[in-house]
Amino acid sequence: MNPRPLTVVLIVPTGVGASIGGFAGDALPVARAIAQISDTLITHPNVLNGAQLYWPIPNALYVEGYALDKFAAGCWGLQPVHQNRIGLILDSAIEPNLQLRHLQAADAARATLGLNITDCVLTDRPLQVELRISESGASWGTIGNPDSLLRAAEKLITQARVEAIAVVARFPDDEGSLALENYRRGKGVDPLAGAEAVISHLIVRTFKIPCAHAPALSALPLDPHLSPRSAAEEIGYTFLPCVLAGLGKAPQFVTPTVGQASCLSQFVTPTVGQASCLSQVWGGQDARTQVWGGQDARTQVWGGQDAHPTREKFYANRRDFESQGLWADRVDAVVIPATACGGSAILSLSARSSVQIIAVGDNKTQMQATPEKLGIKALQVNSYLEAIGVLVALRAGISPASLGADISSLRCLSD
Amino acid sequence: MTTHFISAEVDLHETAEQLHSAIEIELQKYGEPLRWAVTDVDVDRQKAVVEGYVLVEASPATS
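Please read all numbers here as calculations on a predicted model, not as lab measurements. (Residues numbered from 1 in each chain as written. Chains lettered and ligands numbered in written order. Predicted model: local features only at pLDDT ≥ 70, side-chain atom pairs only at ≥ 80, totals over all residues. Heavy atoms only, no water.)

Asks: How would you summarise the overall build of chain B if you had to cite specific residues and measurements?
Replies: Looking only at helices and strands, one finds 1 helix and 3 strands in chain B. Helices and strands appear in chain B in the N-to-C order β-α-β-β. Taken over C-alpha atoms, the radius of gyration comes to 14 Å for chain B, far larger than the 11 Å a tight globule of 63 residues would show. Each principal axis of the C-alpha atoms in chain B carries an extent, and together these give about 50 × 15 × 15 Å. Burial analysis of chain B (63 residues in total) assigns 48% to the buried set. With the model as given, the accessible surface of chain B reaches about 3200 Å², and the carbon-plus-sulfur share is 49%. The centroid of the 4 positive side-chain charges in chain B is displaced by 4 Å from the centroid of its 12 negative side-chain charges. (Helix = DSSP H or I, 4+ residues; strand = E, 2+ residues; numbered from the N terminus. Rg over C-alpha atoms; globule rule 2.2 N^0.38 Å. Buried < 20%, exposed > 50% of the residue type's maximum accessible area, 1.4 Å probe, protein only. Areas by Shrake-Rupley, 256 points an atom, 1.4 Å probe, with all protein chains shown as cover. Lys, Arg positive; Asp, Glu negative; His and termini not counted. Charge placed at Lys NZ, Arg CZ, Asp CG, Glu CD.)

The structure is reproduced here in structure tokens:
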């Protein structure tokens, strides 16, 4: 028995043109393979969602990107569940027939998969999604009525008491565009992905519950040259089944409540001058003053009535808190495309010396943020097959370097 | 509430953790950061090129 479970994070950023995982759930085989050699795999909807296709991975945690960033920063924990009560938000811009297709997809997931999808809300205004491509080549977008989205989510949470939310927004049909043509050929950038991330980030940020998005689009004409990487999105009327399946067992988030310290990592590394929890800094209050000054948040979070916390009590209480979920200090490795190391989660996790970052070279993206340029210590590999070999070595306690032909001599430190 | 796309340059820092903080502080000038990434690094100028979205709450109406 391995005394420490191997926890691996797999990230393929959405909307950056990843050659593996930038299309219709086409990093799912990578996730399935890594899950085989991990005790826990933490990954996100862009990796696991294949429209009509999905694959239940018992030891995988389906974590939306905003929550993944918070988890990586040590601010949120992940609490696995047996089942979530799911609510569905439909954009009122969706035509009636297409709405019905989505309702039937949800009913199918209830009847055929046994998912607990309880209620649906139509937004009170069209969400008005607009798509853009940034200077770097990443897709992004805006929604014209974010408040309407949040009102619908609040209604589901307060009236139907849902624990996870699936959103379907009407996206612009882009038929005939070069971006769509390329996407269908398995090239370029998913033009929808950046705007999808905004939608789910908004809900997770506001309500701190699992959320994922599926776009509503008109069916495209049959294309005999469709890439296998994009094909999962053209075998049905909706992209919703994978989202519902993912949310059915998505972990809940362990988050501090108002007035409590929101970043566990600060307790672990209370270095003067470090501010690793920006959410509180943004609010005009530096979290460090709350934690290490006179108003120690630990007494509120973990210490109950203790007005004079000690370091020993803090560590004891922290263990209690961690027993409520999985936290970033349990992460052993992160697998990421080599050119996409500039995201929040990677920068956070790279600060933890116990985390092995594995940068995969042949998953090309539009980004140019490599570990070397960012000063991040990472193990560079060519392929996911090689990354999986590294994880096997890590699990076995074998240095990956010792598996190569050339082994350098032991370095002696000088005074 | 509105969402905005922001492109910015941030000085590279000694550690990734410091860079993370610097990026969020820079984006905070425009709103609450929702999603961001370093897209490239200008090694000569020691600048990180950042793209991201921020959230801007509507200002309360004044009478």
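Asks: Quick one: what's the story with the sheet that holds strand β2 (residues 40-43) of chain A, residue by residue and with numbers?
Replies: Residue and element names in this part refer to chain A. Spatial ordering of the open sheet is given by β3-β2-β1-β12-β13-β14, a layout of 6 strands whose pairing is parallel. Each end of this open sheet is capped by a strand with a single partner; those strands are β3 (60-62) and β14 (379-381). Between one strand axis and the next, the sheet turns through 20° on average, direction left out of account. (Pairing = 2+ DSSP bridges. Axes fitted to C-alpha atoms, helices over the stretch in contact; angles between N-to-C directions.)

Asks: An account of the interface of chain B and chain A is needed here, citing residue identities and associated values.
Replies: Reports of interface size often rely on the accessible area that becomes lost once the parts have come together. Of the residues lining the interface, 29 residues belong to chain B; the matching set on chain A comes to 39 residues. Here chain B packs against chain A, burying approximately 2900 Å² in sum over the two surfaces, 60% of which is carbon and sulfur. Ranking the residues of chain B by area buried against chain A places Met1(B), Leu34(B) and Arg35(B) at the top, with a combined share of 21%. Our enumeration of links across chain B and chain A arrives at 3 salt bridges. Elements represented by at least two residues in the side of chain B that touches chain A include exactly β1 (2-11), α1 (16-28), β2 (32-42) and β3 (47-56) of chain B. (Contact = heavy atoms within 4.5 Å. Buried area = accessible area lost by both parts, 1.4 Å probe. Salt bridge = Lys/Arg side-chain N within 4 Å of Asp/Glu carboxyl O.)

Asks: Break down the side chain of Thr7(A) for me, with residues and values.
Replies: Residues and elements named next belong to chain A. Along the chain, the position of Thr-7 falls in strand β1 (residues 7-10). With a relative accessible area of 3%, Thr-7 lands in the buried category. At a separation of 3.4 Å, a polar atom in the side chain of Thr-7 contacts the main-chain carbonyl oxygen of Arg-330. With sequence-adjacent residues up to four places away left out, Thr-7 is seen in contact with Thr-40, Ile-42, Leu-326, Arg-330, Val-331, Asp-332 and Ala-333. (Polar contact = N/O pair within 3.5 Å; in protein donor to acceptor, adjacent residues only side chain to side chain.)

Asks: Outline the sheet that holds strand β5 (residues 86-90) of chain A, listing residues and values.
Replies: Pairing between the strands of a sheet comes from backbone hydrogen bonds, and it takes one of two forms, parallel or antiparallel. Residue and element names in this part refer to chain A. Spatially, 4 strands are ordered β6-β5-β9-β10 in an open sheet, and the strand pairing comes out parallel. Two strands bound the open sheet, and with one partner strand each, they are β6 (117-122) and β10 (211-216). Averaged over all neighbouring strand pairs, the angle between strand axes comes to 20°, with direction disregarded. In terms of strand pairing, strand β9 (residues 164-170) meets β10 through 6 bridges, oriented parallel. Pairing of Arg-170 across the sheet is with Ala-216, part of β10. The sheet strands contacting helix α5 (residues 146-159) are β5, β6 and β9, and the helix crosses β5 at an angle near 150°. Running at roughly 165° to β9, helix α8 (residues 240-248) makes contact with β5, β6, β9 and β10 of the sheet.

Asks: I'd like a rundown of the packing of α5(A) against helix α7 (residues 193-207) of chain A, residues and numbers included.
Replies: All names here are of chain A. It is at 10 Å that the axes of α5 and α7 come closest, and there the two elements cross at 50°. When the axes of α5 and α7 are compared, the pair comes out oblique. Seen from above, α5 lies across α7 with right-handed handedness. Mapping the contact onto sequence places Pro-146, Leu-149, Leu-150, Ala-153, Glu-154 and Ile-157 in α5 and Ile-199, Leu-202, Ile-203, Thr-206 and Phe-207 in α7. (Parallel < 35°, antiparallel > 145°, perpendicular 65-115°, else oblique. Left-handed = near helix turned anticlockwise from the far one by under 90°.)

Asks: An account of the environment of His225(A) is requested, with residue identities and associated values reported.
Replies: Residue and element names in this part refer to chain A. Considering the arrangement of structural elements, one finds His-225 in the loop between β10 and α8. Remark: the alpha-carbon pair of His-225 and Arg-184, spanning 41 residues in sequence, is separated by 8.0 Å. Residues in contact with His-225, not counting those within four places in the same chain, are Arg-184 and Arg-185.

Asks: Hey, could you go over the packing of aromatic side chains for me, with residue numbers and the actual values?
Replies: Counted under the stated rule, the structure contains 5 aromatic pairs over all chains. A centroid spacing of 5.9 Å and a plane angle of 65° characterise the contact between Tyr66(A) and Trp76(A), whose relative ring orientation is edge-to-face. Pair noted here: Tyr66(A) is in helix α3 (residues 65-72) and Trp76(A) is in the loop between α3 and β4 (77-79), with a separation of 10 residues, a long-range link. Trp76(A) matches Tyr66(A) in its accessibility class, with the two residues each being buried. Between Phe5(B) and Tyr53(B) the ring centres are 6.4 Å apart and the planes differ by 80°, which places this aromatic pair in the edge-to-face class. One end of the pair, Phe5(B), is in strand β1; the other, Tyr53(B), is in strand β3, with 48 residues separating them in the sequence. Phe5(B) gets classed as partly exposed once you look at its relative accessible area, which sits at 24%. The class of Tyr53(B) is buried, set by a relative accessible area of 4%. Above the plane of the ring of Trp55(A) lies Arg32(A), whose end atom (NZ or CZ) is 3.7 Å from the centre. Lying across the ring of Tyr237(A), Arg101(A) places its NZ or CZ 3.4 Å from the centre. (Phe/Tyr/Trp six-rings, centres within 6.5 Å; stacked < 30°, edge-to-face > 60°. Lys NZ or Arg CZ within 6 Å of the ring centre and 35° of its normal.)

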